Each structure stands twice: as C-alpha cells, then as structure tokens.
Amino acid sequence: MSLSLILQAAQAGITNGFIYALVGMGLAVIFRGSRVINVMHGEFSVVGAMVTVLMLTSARYPYWIAILAGVSTGPLIGALIELTLVRPMIRQRATEDQFVLLTIGLERAIAAAVLFFIGRDGYLLPAFGGDHVFIVFDVVIREHALWLIAIATFVVVALREFFRHTTLGLAMTAASIDADGAATTGINVARMRTLTFVLGGLLGAIAGILITPLIAVDYQTGLPITLKGIAAAILGGFTNPLGAVVGGLTLGMVESLVIVGVSSGYKDALTFSVLIVIMIFMPHGILGRGGRGGG
Amino acid sequence: MRARLLVGLLGIVLWALLPHILSRYMIDLLVFTAIYTIAGIGVGLLLGQCGIVNLGQATFYGIGAYSCAYLTVELGYPNVAGFIVGALISMTIALVVGWPVLRLTGYFLALATLALSIIGSSLFYEWDWLTGGELGIGGIPKLDIFGFKLDTPGRYYYLAWSIAFICMLLVGNLIASRTGLMLRAMRDSSEAAASLGIDMQWLRTRVFMLSALLGSVAGSLFAHYVSFTSVQSFTVDKSIGFLLIPVLGGVRSLWGVVLGALFVTVMPELLSRIGDIHQILFGLALVAVVVLLPEGLVGLLATAGRKLGWSRVRA
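Residues numbered from 1 in each chain as written. Chains lettered and ligands numbered in written order. Predicted model: local features only at pLDDT ≥ 70, side-chain atom pairs only at ≥ 80, totals over all residues.

J.: Describe the overall build of chain B, and please don't skip the residues or the numbers.
T.: A tally of regular secondary structure across chain B gives 14 helices and 2 strands. Computed over its C-alpha atoms, the radius of gyration of chain B comes to 20 Å, within 12% of the 20 Å expected for a compact globule of 315 residues. Oriented by its inertia axes, the alpha-carbon framework of chain B measures out at about 55 × 50 × 45 Å. A buried classification covers 50% of the 315 residues belonging to chain B. (Helix = DSSP H or I, 4+ residues; strand = E, 2+ residues; numbered from the N terminus. Rg over C-alpha atoms; globule rule 2.2 N^0.38 Å. Buried ≥ 20, exposed ≤ 12 C-beta atoms within 10 Å, placed from the backbone.)

Laid out in structure tokens, this is it:
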C-alpha cells in the first residue's frame, strides 16, 4: 500500500465523513430535542437532492435557485412531520419504539413516493466547480470535495454558534435539557421541538445536495444515508450534535481505510462491527461526554 | 366457555378448509403469513415481554435459509440437517453477540441489533462461496414427510401453519410460566427484578436466543418453500418488516403477531391492485396504525368487540 494510496483514501474518508457528520448532526439535533430517532432522516437528503435535480433539469432554473428550493424542502417536511404526527403522539404519551415505527413508516412512504413520481433512475447533480481537480502529492482532489468540506465546516461552526450564542439556540437547548424548567421561564417547548425538526431537515437536505454530485441518488438511497448518520451520531455520543462531526469523520476514515486495506465488500460489516464494540465499551461515544443512559 | 370452544372448533375447521376454498395465489400468501408469524413471534416476544426492539431478525432468518440451501444443494445432506444446523448457528451467534450487546438499553440496543442486521446482510452478500451472492442458490429440494411431497402451496400451508401454531403454543406457555413472570418483572422495573435475584442478562440472552431460533426456523421453511435463496431476501428492510409484524398486530398478544403477519403479506398485495401508488399507501397505512392504534390491530379488535358487547374478547 503506497503512501499516495493511503492519502487518496484519507481524502475520500474526510469527504464522506463530512456528509456523515451533517446527517449525524441532524439526527442528533432531532434526538436531543424530541427523543425521536428519525429513521426517515435520509429521505430529507433524497427529497432535497431530487427537488434540486428536477428544478435544474425540467424547469431549467439557475443552479443556485434550484439549490435553494431543494434545501428548503428539508425544513418544510420536518415541520410538517412534527406538527401533524409527532406532536399528537407526544400528547398520547407514545413510547420510544412507537416513534421508531412512525419514522420507519414515513421512510417507507417517502421512498415509495420518490419511486412513484421519479422512477428507478439515479440522478447526479453538477459538481460545484465543475470537473476541475487539484493534484497534491499524487492525490487527486475534486474541487467539489473542497467545496463540500468548506460548506460542511461552515454549517458545523454556524450550528455551534447558533446553539451557544443566540437566544433561540439557547432556548432550544434549555427546552431539550429540562422541558418543565424551560416552560417556567416562558419558553414555548412545543415550538422549540418543531424547530429541532426544521433544523434537522435543513441539515439533511444540505447533506443530500452536497453528496449528489458524488454518488447518484435514487429512491433507495435514503435508508443507507440514515444508517451512516446514526452510526456517526452514536460514535459522537448522540445527544451532542458536534460529537457527530467527530463521529462522522471517524466513520469516513475507518471506511476508506477498510476499502483500501481489506476490501470494499467488507466496508459495512467492519464499520458496523466497530460501532457495536464502541457502543458496548464506550457508551458515551468516542468523546466520552454527554448523557446516554436508558436511551 | 362452551361458546369459546365452539369458536375454536369453527376456527380449526375453517383453517383446514381454507386451502380448498382459496385461490392458489391466496394460499401462497397465507404460507408466507405462517412463515412471517414464526419469525415475528420471536421479535414480538423480545418487544412485548422484555421491551427489546430487535432490528436484526433477518440475519437469523438468512442463517436458517442458507443452512438449508447449502447443506441440501451443495453437500446433499438430508433436509432436516439444514433446520438443525441453522438453528444451532443462529443460537450460538445470538449467545455470543447477545451477551455483550444486551447490556445496552432502549434505542441503543435497537441500533445495535440494526448494526447486526447490516453486518449480516453484507456478509451474506460477500461470502458468495457460501450463499451464491446475488445469484443465490436455486434448486433447494421440497420438503417431504415420510415420502409425502409438500410440493404445492396447499400442502405446505398445513406444515407451515402447524409449526407456527406449535411455536405459538410453546411461546404462550413460556409467557405464562415463571420465566414469563420474571421477564415482565424485568421489563416493568429492572431494579426491582434485580433485587429479587433475577439474573437479567442471562434471561435476556436466553430470550434473544429463542427469538433467533424462531427466526432461523422461519428462514429454513422459507428456503424449502421457494426453493431459492438470494441476498435480496435478508436485507435490513426485511428486519424492519419483521419488527413491524408484532407492532402492527399488538406486541402483548400472540394472535396479534398473526394479524400483523397477515397485514404485511396480504395488505401490499391488495393495495397493489390499485396500481403503482400502493407502496406509498402501505407506508402511510403503517403510519396510520402507529399513530391511531397504539395497541395494534388486536387493540382495535378488542375495542370493536367491547362495542359489540363481547366483553369476553381478550386483547
């Protein structure tokens, strides 16, 4: 295994890792705000990417308008799900597994809807920066990968600032840590929960649009994206959205090294075995912080 | 009491007559209902009695199927060998994996079993010397009982449902037994159960092994029924489907599992008559059941029964 091969793998690992990080962060934001593990999270990405594709190819809008339209589907769907389904179920005191099943049902319905309206074909978006590549130490880096890393980093930093320094972000954090306490200080806890779905949907849709120039997205892409995101979130400790970034990058690196060192077929088997081991021996994620007890 | 006996007898007669009344196509669906019931009982036992969400059943289903396929087609062993080897491998894996993993709780245990399902399906795909990969293994012999070939859906119906009923009876006895009491004590208050000296981890592991055994038997029955196994049948989607069975029907009731299995086999077929849109409707039907019927279809029947004045109907 030559050095440039390892570097090439590391580059792919970091690129994928940032996608996993965005998806994992969205899952963690929703989980922290509502205790729902959102199995349909990957569908935010698929719908976001597909709407962008449609705006671009059928309606022939400029790329940036298509992207805006695609990105905005995530928050819309997220809000819709929270208001129409999650809120009534919380009122009924639904259990953890009922929420898992709800999102599984939604995952099925949305994937089927994509199949129905768009068909079996996979679609690609044009890469940011076209097909331009940089070559550094024999490592080929597509310009899109750099855009992806830059945008993802910006989103991560923006999210961190949002949760730490804005009134709304602090209110959302407060509502998720202690709902009753937050309510007594005048925070509308239910609205904060809707906002966690809006934010989660936004992150999912952004991830979908960033990844579609790299892999063709079709109606079956949603569940694998969710699974990688869940893995990233677990590695990061799940209740900590920024932990998901560390989790996502670790996952991306482990995956590419397995592809280079072992075989691409064992990628999923090995990464998810590592995941089980980490869940058992490091129950708070690789950062070792944040609550996990009892789920 | 006499009324219930009568209903029970009528049910048995109806069950025995069904293959002669229904179309071959419907009987085929009912065979799958029986197979899914067996796998679903395992998942339902974990969920209803232990509060464990098992998203890994397709792995054991696959082990049962591939054991039969490999041993009969590649090695020429008798049919029963596949059932036994599949069951032993499944229970061993459940023991080795379950022992450490079952210490997790809630969502995280669910995610660990989901990870198990992903590992299983990607290994089935990768070990094509054993599983035939995407091409699968064909030509799995039909089962026979003392030379009587079970080579039509109608004949297989009796075998599959007999095994399903035996599994229900045995699991029903287990739930009613002292072990069942311990399981529910553990589910409702693990601290109290621990203080009474219940070895919870071993108990959970044993139920997980039993669930894996049921999944493996269902997989073996599946392989011999369709004579063909391929990786497509043992994906994460299948695991999700197995979890839906008890949840749709009602996790606290074994008959709920049968209802749930009926729902996931028959409903997509009925809906498919209205065209391509049926998959969307199936997803939405799932959502509707989860939101509107928290106790599953059995809960719906019980409510309907009460409204009709049948206070005897048990949920």
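J.: Could you give an account of the overall build of chain A, naming the residues involved and the relevant values?
T.: Within chain A, the regular secondary structure consists of 11 helices and 2 strands. Secondary structure of chain A in N-to-C order comes out as α-α-α-α-β-β-α-α-α-α-α-α-α. Relative to a compact globule of 295 residues, whose C-alpha radius of gyration would be 19 Å, chain A shows 19 Å and is just as compact. Counting across all 295 residues of chain A, residues that qualify as buried make up 51%. Counted over contacts in chain A with a minimum sequence separation of 6, partners at least 24 positions apart contribute 75%. (Contact = placed C-beta atoms within 7 Å.)

J.: Got a sec to walk through the interface of chain B and chain A? Specific residues and values, please.
T.: Between chain B and chain A, the contact holds 36 residues from the first and 38 residues from the second. Contributing elements (two or more residues each) for the side of chain B that touches chain A: helix 4 (79-101), helix 5 (106-126), helix 11 (236-249) and helix 13 (278-292) of chain B. For the side of chain B that touches chain A, the leading source of residues is helix 5 of chain B, giving 13 residues.

J.: Describe the packing of helix 3 (residues 63-91) of chain A against helix 8 (residues 189-211) of chain A, and please don't skip the residues or the numbers.
T.: All names here are of chain A. Direction vectors running N to C along helix 3 and helix 8 enclose 145°, while the axes themselves pass 7 Å from each other. The two elements helix 3 and helix 8 cross, and the hand of that crossing is right-handed. By residue class, the composition of the contact of helix 3 with helix 8 is 14 nonpolar, 8 polar and 3 charged. (Axes fitted to C-alpha atoms, helices over the stretch in contact; angles between N-to-C directions. Left-handed = near helix turned anticlockwise from the far one by under 90°. Nonpolar A, V, L, I, M, F, W, Y, C, P; charged D, E, K, R; others polar.)

J.: Can you lay out the confidence of the model for chain A for me, pointing to particular residues and giving the numbers?
T.: Low-pLDDT stretches of the model should not have their predicted coordinates read in fine detail. Residue and element names in this part refer to chain A. Model confidence for chain A is summarised by a mean pLDDT of 85, while 96% of its residues fall at 70 or above. When mean pLDDT is taken per element in chain A, helix 2 (residues 41-57) scores highest with 92 and strand 1 (residues 133-136) scores lowest with 80. Counted against residues more than four places away or in other chains, residues 290-295, with its pLDDT under 50, gives 19 contacts. (pLDDT = per-residue confidence, 0-100.)

J.: If you had to explain the pairing of strand 2 (residues 139-142) of chain A to someone new, which residues and values would you point to?
T.: A regular strand places its side chains on the two faces of the sheet in alternate fashion. Residues and elements named next belong to chain A. Summarising the sheet, strand 1 and strand 2 pair through 4 bridges and their orientation is antiparallel. Looking at the pairing, F134 lines up with I141 of strand 2. Where strand 1 hands over to strand 2, the hairpin turn is made up of 2 residues, of which F137 adopts a positive phi near 50°. (Pairing = 2+ DSSP bridges.)

J.: Could you give an account of the packing of helix 2 of chain A against helix 3 of chain A, naming the residues involved and the relevant values?
T.: Residues and elements named next belong to chain A. Two elements in contact, helix 2 and helix 3, have axes separated by 8 Å at closest approach and are oriented at 150°. Considering their axes alone, helix 2 and helix 3 lie roughly antiparallel with respect to each other. Crossing of helix 2 over helix 3 shows right-handed handedness. Listed contacts from helix 3 to F44, V47, G48, A49, V51, T52, M55 and L56 of helix 2 are Y63, I65, A66, I67, A69, G70, V71, T73, G74, I77 and G78. Grouping the constituent residues of the contact of helix 2 with helix 3 by class yields 13 nonpolar, 6 polar and no charged. (Parallel < 35°, antiparallel > 145°, perpendicular 65-115°, else oblique.)

J.: Can you lay out the nonpolar core for me, pointing to particular residues and giving the numbers?
T.: The biggest cluster of nonpolar side chains holds 189 residues, and the ones touching the most others in it are A:A21, A:L22 and B:I35. For this core, the element with the most residues is helix 2 (residues 24-50) of chain B, which contributes 15 residues. The contact partners of A:A21, leaving out residues within four places of it in the chain, are A:A152, A:V156, A:A232, A:A244, A:V245, A:G248 and A:L249. (Core = buried A, V, L, I, M, F, W, Y, C linked by C-beta atoms within 7 Å.)

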